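Commentary on secondary and tertiary structure
Below, each chain spelled out in residue letters.
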Amino acid sequence: MDKVSPDCPYPGCFFCVMKEGNPSKRRASILKFFRELPSQDDDGQVLPISGLWNTAMAHPNDPEFIELGIFECMAALIWKGLKNRRWLSHDQNIYIPYYAAHIIGSYTMNMEEFAESAVHAGVIPPLVELLRGRLTWVEQRVAVRALGHLATYASTFPAVASHGEILELSIQLAMSSLEIVYSHFYQYVDRRLSYHCDLLTRGMGGVEMESRKAEEWASQLQCWSLQLINCFAFKPEFLPTICKPEFLVKLPGMWGGLVNENSPAGIGLLRTICHHKLGRGPVASCPGIIEALCNIARSSDDWQYMAIDCLLWLLQDPNTCHKVIDKAVPALIDLADITALGDHKKLGDSIVNVLQDCIQSLGTGRNSVSNRTKELIEELLNSKQRLKWEKNMPKEDLHIKQAAALVVKLEGNSLFSSGNISGAASKYSEALSLCPMRSKKERVVLYSNRAQCHLLLQQPLAAISDATRALCLHNPLGRHAKSLWRRAQAYDMLGLAKESLLDAILFINECSQSNDPELCLRQNKVPDYAERLVKKQMRAAWLFREAAIKHGGVHCEGDAVDVYGQDTDDSEWETASESDIGNDGRDEMGNDDDDDSEWKNEDERKDKYDKPSLKEIKHVYNVQLAEDES
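Values in this document were obtained by computation on a predicted structure and should not be read as measured data. (Residues numbered from 1 in each chain as written. Predicted model: local features only at pLDDT ≥ 70, side-chain atom pairs only at ≥ 80, totals over all residues. Heavy atoms only, no water.)

**Looking at the layout of surface pockets**
Formally: Both cavities and pockets are sets of points on a 1 Å grid over the protein atoms alone; in a cavity a 1.4 Å probe fits but cannot get out, in a pocket the set is open with protein on both sides within 12 Å along at least five of seven lines, and lining residues sit with an atom within 4 Å of a point. Grid points are joined across faces, edges and corners, and a volume is the space filled by probe spheres set on the points. A helix here means a DSSP run of H or I that spans at least four residues, while a strand means a run of E at least two residues long, and both kinds are numbered starting from the N terminus. Gly is placed with the polar residues, together with every amino acid not listed as nonpolar (Ala, Val, Leu, Ile, Met, Phe, Trp, Tyr, Cys and Pro) or charged (Asp, Glu, Lys and Arg).
Counted as a void, the second largest pocket has a volume near 1000 Å³. Taken together, 37 residues form the lining of the second largest pocket, with Ile 333, Asp 334, Leu 376, Ser 465 and Arg 469 sitting closest to its centre. Looking at the lining of the second largest pocket, the elements that each hand over two or more residues are helix 19 (289–298), helix 21 (321–334), helix 23 (371–391), helix 25 (421–434), helix 26 (440–456) and helix 27 (460–473). The biggest single contributor to the lining of the second largest pocket is helix 23, with nine residues. A breakdown of the residues in the lining of the second largest pocket according to their chemical character gives 16 nonpolar, eight polar and 13 charged.

What follows is the structure in structure tokens.
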């Protein structure tokens, strides 16, 4: 290739080629460049490769480079790096396999015809070698990303599936990715490979930045592995390989931190598995999964509907219904008042119908349900029947019932104020039995107040149930601040750090938008009790926590402080449920919890805290996806 620009000292410079004004000459030069690059040993090759990476990221749907042979070139460069370690260690060539695999992934993430071209160019075998760990976890990350895109399309999936080890490698990588990144990068600052640090920080150096990006990339490594496995899970013939107990039991915990909010995570893969009867049996038989699904189903995050789908499919299958019904019913009953969730319309009605069918189909015998489960379902069906009756009641009668419920509720408030918590809970239950089913705002208040009573009575499961019911009745769905806070505290009592963290974050978000003087964040401040709980749960739910404990980075429960380098005053980190209860038995937000109706309590108290800054929490939990996220 001839030198194009008289100002450039490098013959055949790719960047000069790109400036060629004659389209036919330009294309011919690029074609020659792609053909010759893998056989050259000149210094400075990483510069055009990084330029190609930038182009692929910015214009992934542009067909020009695909037509000129970029996939063949990238596959050859990966092979060269794998086979010629002398070349790989020279100059900055160590970066080239990473960029090459990333370019393949970027050009195949949107366009099926590009993916077909990539397969024909022979990109799969070198990507599989990277997936096997022939280089490092950094190259594994982009290899699994590229293979995941290739596996997405019907025309290219068979080529991916023909390499039988890909699925097994992806399963192992999903289970071990966090430990790999922790032990090979995060744990030992002085042993970090310099090119890993450069790739992670993109010129923005510093140990803190490197560590933060390592968490993000580890999360992506796990989530992209799950995405690749998910492509296989749609095919029944691969389910026996996927549905091994040691893998299934880990899936509910594979949530990718808070940085991959668009990922299906482990729950998305479970949903795919449960969609087929061959997958439902192993899931129903795996200890702990149903309980985890129930917790996710009650949550207010983007994965909620996936867990609900799993539970409903398991209940509708006669081979699995009897195995899961006693555990699944309490959670689903709490969710029966949901009207719509995303694209799921009349979801509450669907839940009721499935439970009704279950109770009728199981009946008596070996697979019959427990008496407690029958009672819960019957109570649910009675409440739905009550709603139908109330539609035909005169308005005057409904007003009388509502007024009676208000009187009883106020009696509950009085008992609560005097410290008679169990008596207050009974009054709120009585008020719920009187309150019309259509009076949703009032029922939200009653459930939330009763949840607070359960908290103070050290009954976290009951508190979670009531808070969830309040959140399902609230409009908008799942955004009732005080119920989020109370459920966050209840999850904290049970040691469910992730669930508590998500609710606490949503509570803070609601505070930032609320007009309630008890909740609003004056001058962009966070209630200090919420800040304490978020920090505590971020430590407990830290992405690398399990790996750190295994490798000696965290020595005991609650001792993740050293990892974050934050203050070590253990007295600050008592549970929020302990720290936020005043001498009179109230939490900091009181217990008369109505936002905008006539049910206000006259002795509501103003927030008394001088609240710390929101900046730090936002910085930690609102991490954006990396620029190369697909």
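**Here we look at the pattern of salt bridges**
Operational definition: Any carboxyl oxygen of Asp or Glu that lies within 4 Å of a side-chain nitrogen of Lys or Arg is treated as forming a salt bridge with it. Accessible area is worked out with a 1.4 Å probe on protein chains only. A residue is then buried under 20% of its type maximum, exposed over 50%, and partly exposed in between.
By the definition in use, this model includes 26 salt bridges. With a closest N to O distance of 3.5 Å, Arg 27 and Glu 67 form a salt bridge. In this pair, Arg 27 is assigned in helix 2 (residues 23–36) and Glu 67 in helix 4 (residues 64–67), connecting sequence segments 40 residues apart. Its relative accessible area of 32% is what places Arg 27 among the partly exposed residues. With its nearest N and O atoms 3.9 Å apart, the salt bridge here joins Arg 132 to Glu 165. Of the two residues, Arg 132 sits in the loop between helix 9 (124–131) and helix 10 (137–152) while Glu 165 sits in helix 12 (residues 165–186), which places them 33 residues apart along the sequence. Judged by relative accessible area, which is 46%, Arg 132 ranks as partly exposed. A residue is classified by how much of its surface remains accessible, and Glu 165, at 35% relative accessible area, is partly exposed. Within this structure, Glu 129, Arg 132, Arg 134 and Glu 165 form a network of salt bridges that share partners.

**Looking at the side chain of Glu 139**
Put simply, the rule reads: In this charge count, Lys and Arg are treated as positive and Asp and Glu as negative; neither His nor the chain ends contribute. The term polar contact refers here to a pair of N or O atoms within 3.5 Å; inside protein, the definition further demands a hydrogen-donor-capable atom paired with an acceptor-capable atom, and it admits residues adjacent in sequence only when both atoms are side-chain atoms. Two residues qualify as a contact provided that any one of their heavy atoms is within 4.5 Å of a heavy atom in the partner residue.
Following the sequence through the fold, Glu 139 ends up in helix 10. Although Glu 139 is buried, it forms no salt bridge, and the closest oppositely charged side chain is Arg 85 at an N-O distance of 9.1 Å. Among the polar contacts listed, one links the side chain of Glu 139 to the side chain of Tyr 195, at a separation of 2.7 Å. Beyond its immediate chain neighbours, meaning those up to four positions away, Glu 139 contacts Ile 94, Tyr 98, Leu 130 and Tyr 195.

**So, the environment of Leu 135**
Mapping Leu 135 onto the fold places it in the loop between helix 9 and helix 10. In this structure Leu 135 comes out as buried when scored by relative accessible area, which is 18%. Counting along the chain gives 54 residues from Leu 135 to Gly 81, while the straight-line C-alpha distance between them is 8.9 Å. In contact with Leu 135, other than residues within four places in its own chain, are Leu 82, Arg 85, Leu 88, Pro 97 and Leu 130.

**Notes on the confidence of the model for the protein chain**
Detailed reading of the predicted coordinates is not advisable wherever pLDDT falls low. As a reminder, the rule being used: Scored from 0 to 100, pLDDT reflects the predictor's confidence in each residue.
Looking at the protein chain as a whole, the pLDDT averages 84, with 82% of positions reaching at least 70. The spread of mean pLDDT over the elements of the protein chain runs between helix 33 (residues 576–579), the lowest at 34, and helix 9, the highest at 98. Low pLDDT, under 50, characterises residues 555–586; the stretch is placed with 61 contacts to residues that sit more than four places away or in other chains. Taken together, the stretch residues 595–630 has pLDDT below 50 and engages in 102 contacts with residues farther than four places along the chain or on a different chain.

**Overview of unusual backbone geometry**
With an omega of 5°, the peptide bond running from Asn 475 to Pro 476 counts as cis. One can find Pro 476 in the loop between helix 27 and helix 28 (481–493). In this structure, Asp 91 is a non-glycine residue whose phi angle is positive, near 50°. Here Asp 91 shows up in the loop between helix 6 (85–89) and helix 7 (96–108). Of note, the phi angle at Lys 346 is positive, near 50°, even though the residue is not glycine. Note that Lys 346 resides in the loop between strand 2 (344–345) and helix 22 (347–362).

**Examining the environment of Glu 165**
In the structure, Glu 165 is positioned 33 residues away from Arg 132 in sequence and 9.0 Å away in space, judged by C-alpha atoms. If we skip the residues at most four places from it in the chain, Glu 165 touches Val 128 and Arg 132.

**Considering the side chain of Gln 304**
Along the chain, Gln 304 falls in helix 20 (residues 304–316). Residue contacts for Gln 304: discarding those within four places in its chain leaves Ile 296, Ala 297, Arg 298, Ser 299, Leu 335, Ile 338 and Leu 341.

**What to know about the packing of helix 5 (residues 70–83) against helix 9**
Axes are the key here: two packed helices are described by the angle between their axes and the distance separating the axes. So the rule is basically this: Each axis is a line fitted through C-alpha atoms, and for a helix only the stretch in contact is used; angles between axes span 0 to 180 degrees, taken between their N-to-C directions. Note on terminology: angles under 35 degrees are roughly parallel, angles over 145 are roughly antiparallel, angles of 65 to 115 are roughly perpendicular, and the others are oblique. In this scheme, a crossing is called left-handed if the near helix is turned counterclockwise away from the far one by less than a right angle; it is called right-handed if the turn is clockwise.
It is at 9 Å that the axes of helix 5 and helix 9 come closest, and there the two elements cross at 40°. With respect to helix 9, the axis of helix 5 lies oblique. By crossing handedness, the relation of helix 5 to helix 9 is classed as left-handed. Contact with helix 5, carried on its side by Ala 75, Ile 78, Trp 79 and Leu 82, involves Pro 125, Pro 126, Leu 127, Glu 129 and Leu 130 of helix 9 and no other residues of that element. Grouping the amino acids of the contact of helix 5 with helix 9 by side-chain chemistry returns eight nonpolar, no polar and one charged.

**Looking at the packing of aromatic side chains**
In plain terms, the rule: Side-chain rings of Phe, Tyr and Trp, where Trp is taken by its six-membered ring, are said to pair if the distance between their centres is within 6.5 Å; with planes under 30 degrees apart they count as stacked, over 60 as edge-to-face, and otherwise as tilted.
As enumerated under the stated definition, the model contains 22 aromatic pairs in all. When the ring of Tyr 98 is compared with that of Trp 217, the centres are 6.0 Å apart and the planes differ by 10°; the resulting orientation is stacked. Taken together, the positions of Tyr 98 in helix 7 and Trp 217 in helix 14 (residues 207–233) put the pair 119 residues apart, joining distant regions of the chain. Owing to a relative accessible area of 0%, Tyr 98 belongs among the buried residues under this scheme. On the accessibility criterion, Trp 217 (1% relative accessible area) is buried.

**Points about helix 24 (residues 395–417)**
Note the following rule: One fewer than the residue count of a helix, multiplied by 1.5 Å, yields its expected span.
The end-to-end C-alpha separation of helix 24 is 33 Å, in line with the 33 Å expected for 23 residues at 1.5 Å each. If you check which residues of helix 24 are buried, you get Leu 398, Gln 402, Ala 405, Val 408, Lys 409, Gly 412, Asn 413 and Phe 416. Remark: Gly 419 follows helix 24 within two positions and exhibits a positive phi of approximately 95°.

**Things to note about the packing of helix 7 against helix 10**
Across the interface, helix 7 lies against helix 10 with an axial gap of 8 Å and an inter-helix angle of 25°. When the interaxial angle is binned, helix 7 and helix 10 end up roughly parallel. Where helix 7 crosses over helix 10, the handedness of that crossing is left-handed. Facing helix 7, whose interface residues are Tyr 98, Ala 101, His 102, Ile 104, Gly 105, Ser 106 and Thr 108, helix 10 presents Val 138, Glu 139, Arg 141, Val 142, Ala 143, Arg 145, Ala 146, His 149 and Leu 150.

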